[in-house]
Amino acid sequence: MMLLLPRPALPQSSKLTIETVMKGPQYAGYAPQNVRWAGNSQKVYFEWKRHTDAPRDPYDTYVANRDGSGLLKLTPAEAEQAPPAQCNYDVRRERCVFTRRGDIWLYDFRTDKALRLTLTREAEASPRFLADGERVAFQRGNNLFALSLSTAALEQLTDIRTGKPPADEEEPKPEAKKELTAQDFLKQEEATLLDSVKQRAERKKAARERRLSVEPRKPHYLAAQESIASFAVVAQGQSQGEHIAAIVAKRADGAKATIVPNYIAETGFTENLPARTKVGDRQAESYLAVLDAKTGAFRKVDYGLPAKEGEKATEKNRATRVFGLEVAEDGGNAVFLLRSADNKDLWHMALEPKEAKARLLAQDHDDAWIGGPNIYFTSFSADGQTVYFQSERTGMSHLYHVPFAGGEVKALTTGKYEVTDVSWSKDRRLLYLTTSEVGPYERHFYTLDPTTGAKVKITSAVGNHAVLPSPDEKWIAEIYSYTNKPDEVYAAEFKPGAEMVRLTNSPSPEFAARKWMEPTLVEIPARDGAKIPGKLMKPAGVRRGGPAVIFVHGAGYLQNVHKWWSNYYREYMFHHILVEAGYTVLDIDYRASAGYGRDWRTGIYRFMGGKDLDDHVDAAKWLVSAQGVNAKKIGIYGGSYGGFMTLMAMFTSPGTFAAGAALRPVTDWAHYNHGYTSNILNEPHKDPEAYRKSSPIYHAAGLSGALLICHGMVDVNVHYQDSVRLAQKLMELGKENWELASYPVEDHGFVDAASWTDEYKRIFKLFERTLR
């Protein structure tokens, strides 16, 4: 182990440069990840990189004492014995199982040791303890296995195969009555006429009966394109599970994936990178099945869904996808989630494995689409008789519970805030919650007694808290940040308002020595009466008539107006450069942003570039009326969804923005992915109007200001093809006030400092040229 000591702080430089801030994590520091505790609750482990490490280097494993001392970087061999970042616990939370390099491992928190359980060529996945606590179930290929920790005996719990069954395994099926054909006649005559044929059939029947007497479990053969996505053992007996639930996935037949050319490859030749399909193309399907562990009998689960409103009462064939299979700790009860293929319904289902049927526990419907923070959380109480889940049914995502046997759904949390994370205490008597109850701009950690409703706020520092209690539940470790203070690992006693001890120091000394501006949070009136959250940065002694820039965050459903360190920290530092140059800078949580509930989230249904663009136009007008900005000197920029929004602003709101920089933008939503886009715009061949209204390429004729487009050429998310098609359209329209900058080695999220620097120098030059 190597002891790491902090370097002394350096004097603060007087002027920021683009080259400096675009070093990114080598300047502002790498955010720690995957915080977890040692079994003795004395040490905290996490993944981290020092600011001197290269961006493309992997993260290392570190450990520190909870009092802040003894920060150590582990060797690869030592990291093998560290607690895993993700794992499945036993009931007492003393051990957990996880996968590493395709093998199953066990971590024992009583000894703080890791033990490899399997060493095979074929990859194993999804390990979990069975209810007896002595066997670990895991998936290998399309089958489920159980490994005894006491005897090391390995048992195959399922026999699922692919391909066509051999003739001697096929059970004779009673033939339906039909008109006798010549072939049928010959077959019947042969069986009665020749003894050798008759004896051969009898031997075949006897062999099948002998095999079934020794091994009664018959194999199940998956249909073409099918595979097992996940398993769960349900209603366990003393020796093995009575029933096994399986989510069966079926690959989409005929779907066409985009190819992304990679021009800078080690071979010297252009190589093709496989990428995604486009929205509306054929999608993978899934269904839930139940297997009898003894006989191997395989039955599809009958969901028994109610008819969709407006359909005939007998209509039950709703197109759905199944996921979220969850089993109570005692192994007796199981629930799963169904989501409609049109994205508007979510059903919480109780599984009845003996009958291969399901019961409806709760249903959520949204005329736009189902979504919201932690919306797919599902869990059981300690006795397995109560199911907990989250829902936006009141407009904000809150925690609910319902008896597994069925009954009234009751709320555990209420109010104008969101629950963003839920977990259980060790004995499952308390729930641990992270919420925005203090206000939309902070996240804090609470305990909640589900029987009394008593809630206790544990964290107090303003900002964002991502908390993990220690095994003895006397301490907490967390990743905490504030507006101008990057993510760091802290530890504290598990009690309200306890003093936080800092375990990491991520930024460079140069970053730490600088006094960083704290933006002002504002609320901007929108044309429909709503209040748009904003983050404002102004130059010292700013005068009326100066220029301004509006930054548009990406992802659509993301929050960037808050009191913690932003994912867009390069942009935050770049905004300091703009402010030093005399620009007022504003970014807003426009319609569709996260953190403000269902109505805000779904405000862009069937029209991206509608209300969300209105919010930016209204913000630009507010900059003029309330901040004295020159109406002819406002620029706009952003990446991904922010790039799309920039294009819509430049194409459909003439005169509002003098210049715009669209980075890795979506230019045609019919070319984006299915999972994100079909939620908001439905499917292009079913709702073409929504796509044409929302896609910038259809509005390119409206370009009037100066436009910069920047795109990575190996972007496997928003494909470089998007910007190439738009460039062709702009040329065909005879537009001249635009340019396209291409980045040959960059994916959707840039990595190399040289690429970031070139991109932001171009943005700065654009604004200096057009807004001065």
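Criteria and thresholds
- Residues numbered from 1 in each chain as written.
- Predicted model: local features only at pLDDT ≥ 70, side-chain atom pairs only at ≥ 80, totals over all residues.
- Heavy atoms only, no water.
- Helix = DSSP H or I, 4+ residues; strand = E, 2+ residues; numbered from the N terminus.
- Rg over C-alpha atoms; globule rule 2.2 N^0.38 Å.
- Contact = heavy atoms within 4.5 Å.
- Areas by Shrake-Rupley, 256 points an atom, 1.4 Å probe, with all protein chains shown as cover.
- Lys, Arg positive; Asp, Glu negative; His and termini not counted.
- Charge placed at Lys NZ, Arg CZ, Asp CG, Glu CD.
- pLDDT = per-residue confidence, 0-100.
- Pairing = 2+ DSSP bridges.
- Phe/Tyr/Trp six-rings, centres within 6.5 Å; stacked < 30°, edge-to-face > 60°.
- Buried < 20%, exposed > 50% of the residue type's maximum accessible area, 1.4 Å probe, protein only.
- Lys NZ or Arg CZ within 6 Å of the ring centre and 35° of its normal.
- Axes fitted to C-alpha atoms, helices over the stretch in contact; angles between N-to-C directions.
- Parallel < 35°, antiparallel > 145°, perpendicular 65-115°, else oblique.
- Nonpolar A, V, L, I, M, F, W, Y, C, P; charged D, E, K, R; others polar.
- Left-handed = near helix turned anticlockwise from the far one by under 90°.
- Salt bridge = Lys/Arg side-chain N within 4 Å of Asp/Glu carboxyl O.
- Core = buried A, V, L, I, M, F, W, Y, C linked by side-chain atoms within 4.5 Å.
- Patch = residues over 30% accessible without salt bridge, like charges linked within 9 Å, V, L, I, M, F, W, Y side chains within 5 Å.
- Polar contact = N/O pair within 3.5 Å; in protein donor to acceptor, adjacent residues only side chain to side chain.

(A) Looking closely at the overall build of the protein chain. Counting secondary structure elements, the protein chain contains 14 helices and 45 strands. In terms of overall dimensions, the protein chain is globule-like: its C-alpha atoms have a radius of gyration of 30 Å, near the 28 Å expected for 772 residues. In terms of its C-alpha atoms, the protein chain occupies a principal-axis envelope of roughly 105 × 65 × 60 Å. A fraction of 58% describes how many contacts in the protein chain between residues 6 or more apart in sequence connect residues 24 or more apart. Accessible surface for the protein chain amounts to roughly 35500 Å². Of this, 51% is attributable to carbon and sulfur atoms. Here the protein chain contributes 100 positively and 98 negatively charged side chains, and the mean placements of these two sets differ by 2 Å.

(B) The arrangement of the confidence of the model for the protein chain in detail. Averaged over all residues, the pLDDT of the protein chain is 93; the fraction at 70 or higher stands at 93%. The low-confidence segment residues 1-11 (pLDDT under 50) makes 24 contacts with residues lying over four places distant or belonging to another chain. Scored below 50 in pLDDT, residues 312-316 makes four contacts in the model with residues more than four places away or belonging to other chains.

(C) Molecular detail of the sheet that holds strand 29 (residues 410-411). The sheet built from four strands is open, its strands ordered 26-27-28-29 with antiparallel pairing. Lying at the two open borders of the sheet, with one neighbouring strand each, are strand 26 (378-380) and strand 29. Across six bridges, the pairing between strand 27 (residues 386-391) and strand 28 (residues 398-403) is antiparallel. Counted as the bridge partner of Val-387 is Val-402 from strand 28.

(D) Here's a closer look at the packing of aromatic side chains. Here the structure, examined in full by the defined rule, presents 42 aromatic pairs. With a centroid separation of 6.2 Å and an interplanar angle of 5 degrees, the aromatic rings of Phe-46 and Tyr-62 are classed as stacked. Within this pair, whereas Phe-46 is found in strand 3 (residues 43-48), its partner Tyr-62 is found in strand 4 (residues 60-65), the two being separated by 16 residues in sequence. Residue classification places Phe-46 among the buried residues on the basis of a relative accessible area of 0%. Here the aromatic rings of Phe-323 and Tyr-376 are separated by 5.1 Å at their centres, their planes lie at 85 degrees, and the arrangement is edge-to-face. With Phe-323 in strand 22 (residues 320-327) and Tyr-376 in the loop between strand 25 (357-365) and strand 26, this residue pair connects regions lying 53 residues apart in the sequence. Feature note: the residues Phe-551, Tyr-568, Phe-574, Tyr-637, Tyr-743, Phe-750, Trp-756, Tyr-760 and Phe-767 constitute an aromatic cluster, connected by ring pairs. Over the ring of Tyr-287 we find Lys-300; its NZ or CZ atom is 4.4 Å from the centre of that ring.

(E) Examining the packing of helix 9 (residues 611-627) against helix 10 (residues 641-652) more closely. Contact geometry for helix 9 and helix 10: axes closest at 10 Å, N-to-C directions at 70 degrees. Judged by the angle between their axes, helix 9 and helix 10 are roughly perpendicular. Where helix 9 approaches helix 10, its residues Asp-612, Leu-613 and His-616 are matched on the opposing element by Tyr-641, Phe-644, Met-645, Met-648, Ala-649 and Thr-652. The residue inventory of the contact of helix 9 with helix 10, partitioned by class, reads six nonpolar, two polar and one charged.

(F) Just the packing of helix 7 (residues 569-580) against helix 14 (residues 753-771), in detail. Direction vectors running N to C along helix 7 and helix 14 enclose 35 degrees, while the axes themselves pass 12 Å from each other. As for the relative orientation of helix 7 and helix 14, their crossing is right-handed in sense. Facing helix 7, whose interface residues are Arg-570, Glu-571, Phe-574, Ile-577 and Leu-578, helix 14 presents Trp-756, Tyr-760, Ile-763, Phe-764 and Phe-767. Its residues assigned to classes, the contact of helix 7 with helix 14 shows eight nonpolar, no polar and two charged.

(G) Quick look at the side chain of His-616. On the secondary structure map, His-616 appears in helix 9. According to the relative accessible area criterion, His-616 is buried, its value standing at 0%. Not counting chain neighbours up to four residues away, the residues in contact with His-616 comprise Ile-550, Val-552, Ile-588, Tyr-590, Ile-636, Met-645 and Phe-657.

(H) Highlighting the sheet that holds strand 41 (residues 584-588). The strand order 38-39-41-40-42-43-44-45 describes an open sheet built from eight strands, whose pairing is mixed. Each edge of the open sheet carries a strand with a single partner, namely strand 38 (520-525) and strand 45 (738-743). Looking at each pair of strands side by side, their axes are set apart by 20 degrees on average, direction ignored. Alignment of strand 39 (residues 531-537) against strand 41, held across four bridges, turns out to be antiparallel. What sits directly across from Leu-536, in strand 41, is Leu-586. The strands that helix 13 (residues 720-732) touches are strand 44 (706-712) and strand 45; relative to strand 44, the one it contacts most, it runs at about 150 degrees.

(I) Representation of unusual backbone geometry in the model. One non-glycine residue, Ala-152, lies in positive phi territory at about 65 degrees. Assignment of secondary structure puts Ala-152 in the loop between strand 12 (143-148) and strand 13 (154-156). For Asn-374, which is not glycine, the phi dihedral falls at a positive 55 degrees. Here Asn-374 is to be found in the loop between strand 25 and strand 26. The exposure class of Asn-374 is partly exposed, given its relative accessible area of 26%.

(J) Examining the pattern of salt bridges more closely. Within this structure, the stated rule accounts for 36 salt bridges. With a closest N to O distance of 3.9 Å, Asp-427 and Arg-429 form a salt bridge. Three or more residues joined by partner-sharing salt bridges are found here, namely Asp-366, Glu-392, Arg-598, Asp-599 and Arg-601.

(K) Looking closely at the nonpolar core. Judged by nonpolar contacts, the single largest core of 58 residues is most densely connected at Leu-586, Phe-651, Trp-669, Leu-707 and Leu-730. Examining the composition of this core, we find that eight residues originate from one element, helix 10, more than from any other. Once residues within four sequence positions are removed from consideration, Phe-651 is found in contact with Pro-696, His-699, Ala-700, Gly-702, Leu-703, Leu-707, Leu-726 and Leu-730. Ranked by size, the runner-up nonpolar core spans 40 residues in total, among them Ile-18, Leu-578, Ala-659 and Ala-741.

(L) Structural context of a nonpolar patch on the surface. A contiguous nonpolar patch, built from Leu-180, Phe-185 and Leu-186 and spanning about 320 Å² of accessible area, is present on the exposed surface. Within the secondary structure layout, Phe-185 lies in helix 4 (residues 182-193).

(M) Structural view of the pairing of strand 25. Pairing of strand 24 (residues 345-352) with strand 25, which is carried by eight bridges, proceeds in the antiparallel orientation. In the sheet register, Met-349 faces strand 25, and the bridge partner there is Leu-360. Taken together, strand 24 and the strand that follows it, strand 25, pair antiparallel across an intervening segment of four residues, in which Ala-356 is found at a positive phi of about 55 degrees.

(N) Up close: the environment of Gly-68. On the secondary structure map, Gly-68 appears in the loop between strand 4 and strand 5 (72-73). On the accessibility criterion, Gly-68 (28% relative accessible area) is partly exposed. Between the C-alpha atoms of Gly-68 and Val-44, which are 24 residues apart in sequence, the distance is 9.5 Å. Among all residues touching Gly-68, those that are not within four sequence positions of it are Val-501, Arg-502 and Leu-503.

(O) Quick peek at the pairing of strand 18 (residues 259-262). Residues of strand 18 alternate between two faces, with Val-260 and Asn-262 buried on one and Ile-259 and Pro-261 left unburied on the opposite face. Pairing of strand 18 with strand 19 (residues 271-274), which is carried by four bridges, proceeds in the antiparallel orientation. Each bridged residue has a counterpart across the sheet, and for Pro-261 the counterpart in strand 19 is Asn-272.

(P) Focus on the side chain of Ser-694. By the element assignment, Ser-694 lies in helix 12 (residues 688-694). For Ser-694, the side chain forms a polar contact with the main-chain nitrogen of Met-608, separated by 3.0 Å. Reaching out from Ser-694, the side chain makes a polar contact with the backbone oxygen of Ala-690 at a distance of 2.7 Å.

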